[in-house]
Amino acid sequence: MKTVSYPKFDLSKRKLGEMPLEVVKSSANSAEAINIAHLGVHYRTQEALRDVNCIIKPGRLTGIFGPNGAGKSTLMKAMLGLVPASRGTVLYHGKPLMQQLDKVAYVPQRSQIDWTYPATVWDVVMMGRVKKTGWFRNFSTVSRQVAKSALERVGMTEYSDRPIGQLSGGQQQRVFLARALTQEAEIFCFDEPLVGIDQKTQSVVFQVFGELAAAGKIVLVVNHDLGESITHFDDLILLNRDLIATGSRQQVLTEDNLSSAYGGKVIYFSDAA
Ligand SMILES: Nc1ncnc2c1ncn2[C@@H]1O[C@H](COP(=O)(O)OP(=O)(O)OP(=O)(O)O)[C@@H](O)[C@H]1O
């Protein structure tokens, strides 16, 4: 019998007053949820997602959770049109999200990135500005400043000239986080950003996620760790091919929901106040 447990935790604190000014100021531009209705995905004969309905709200850090093979990455990819949906809709501002990918910053799983690609940290971070600047055009002073400040924010300034293949897993993750920041998107999607990273990177990552959410962005993260890190999330989408539950962390993390998703007996320590 499988047992899933996670520890008692404190509610994560997020104070607007502690946010950098530029993040707080940009809070007005994305006060609209993503609306997912009846989403289904098939890979050849296999049904990976079945009739998923949920809302992903701005200003909240939302986690997609579930066991291996539950369809977490598939949900994120289907939302962005990276895998075709067999049915259903994903709307943002009333229009298909796939038609508004210029508003999205997406960081795929580490395993999908070619770390041997001959690029420095600076090159990778500047790639986040390509959509705004266009290929084969010189980056503006503003773009350089945005990239510089993104690198500072993730604590990677001193590695600017380093080839990305020569960084640790945690450093690589921070570089891709910086690249996402330079896109100045409304919607941030991260697929398994916590895999194989050190404690320092984890705190940087959650600090930045928290700032983005506090600034009114949509921040969606695929994760499978039911440990202490789950306490950082405001809302959860719990999957196991079907949608098991969605809503605030406290609403979703019930013994019944965890048992439906993971099977077997679940040891659950509530963090409800
Ligand atoms: N390109 C593909 N072709 C065929 N089947 C696929 C493909 N991608 C995923 N699958 C299958 O679809 C199901 C859902 O996969 P997905 O990667 O979305 O799950 P996940 O919850 O993200 O898993 P994990 O936690 O292991 O990363 C799995 O059974 C997987 O084997």
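Residues numbered from 1 in each chain as written. Predicted model: local features only at pLDDT ≥ 70, side-chain atom pairs only at ≥ 80, totals over all residues.

- For the chain, the name recorded in an unreviewed UniProt entry is Metal ABC transporter ATP-binding protein, with Hassallia byssoidea VB512170 as its organism.
- A UniProt comment under Sequence similarities (unreviewed entry) is attached to the chain, and it reads "Belongs to the ABC transporter superfamily." (UniProt positions renumbered as here; feature names shortened; annotations may be inferred.)

1. A short note on the overall build of the chain
Moving on, step 1. Helix and strand counts for the chain stand at nine helices and ten strands.
Moving on, step 2. Buried positions account for 41% of the 273 residues belonging to the chain.
Moving on, step 3. Long-range contacts, defined here as pairs at least 24 residues apart, represent 71% of the contacts in the chain between residues at least 6 apart. (Helix = DSSP H or I, 4+ residues; strand = E, 2+ residues; numbered from the N terminus. Buried ≥ 20, exposed ≤ 12 C-beta atoms within 10 Å, placed from the backbone. Contact = placed C-beta atoms within 7 Å.)

2. Here's the deal with the environment of lysine 57
Moving on, step 1. Looking at the secondary structure, you find lysine 57 in the loop between β2 (46–56) and β3 (61–65).
Moving on, step 2. Residue lysine 57 is classed as partly exposed on the basis of its 15 C-beta neighbours within 10 Å.
Moving on, step 3. In this structure the C-alpha to C-alpha distance between lysine 57 and lysine 217, which are 160 residues apart in sequence, comes to 8.5 Å.
Moving on, step 4. Not counting chain neighbours up to four residues away, the residues in contact with lysine 57 comprise Ala33 and Asp235.

3. Here's the deal with the confidence of the model for the chain
Moving on, step 1. Averaged over every residue, the pLDDT of the chain is 84; the share at 70 or more is 82%.
Moving on, step 2. Low pLDDT, under 50, characterises residues 1–30; the stretch is placed with 52 contacts to residues that sit more than four places away or in other chains.
Moving on, step 3. Across the predicted assembly, pTM comes out at 0.85 and ipTM at 0.97. (pLDDT = per-residue confidence, 0-100.)

4. Comments concerning the site of the ligand
Moving on, step 1. Around the ligand, the neighbouring residues are Tyr43, Gln46, Ala48, Gly66, Asn68, Gly69, Ala70, Gly71, Lys72, Ser73, Thr74 and His224.
Moving on, step 2. Only β2 and α2 (72–79) provide two or more residues apiece to the shell around the ligand.
Moving on, step 3. Element by element, the count of residues in the shell around the ligand is highest for α2, at three residues.
Moving on, step 4. Its residues placed into classes, the shell around the ligand shows three nonpolar, eight polar and one charged. (Near = placed C-beta within 6 Å. Nonpolar A, V, L, I, M, F, W, Y, C, P; charged D, E, K, R; others polar.)

5. Remarks on helix α7 (residues 199–214)
Moving on, step 1. Taking 1.5 Å of rise per residue, 16 residues should cover 22 Å, and α7 covers 22 Å from first to last C-alpha, within 8% of that figure.
Moving on, step 2. Buried within α7 are the following residues: Thr201, Val204, Val205, Phe206, Val208, Phe209, Gly210, Glu211, Leu212, Ala213 and Ala214.
Moving on, step 3. Glycine 216 sits one or two residues past α7 and shows a positive phi near 85 degrees. (Expected span 1.5 Å × (residues − 1).)

6. Overview of unusual backbone geometry
Moving on, step 1. The phi torsion at arginine 44 lies on the positive side, around 45 degrees, for a residue other than glycine.
Moving on, step 2. Within the secondary structure, arginine 44 sits in the loop between β1 (34–43) and β2.
Moving on, step 3. In this structure, arginine 241 takes a positive phi of about 70 degrees despite not being glycine.
Moving on, step 4. Looking at the secondary structure, you find arginine 241 in the loop between β9 (235–240) and β10 (242–248).

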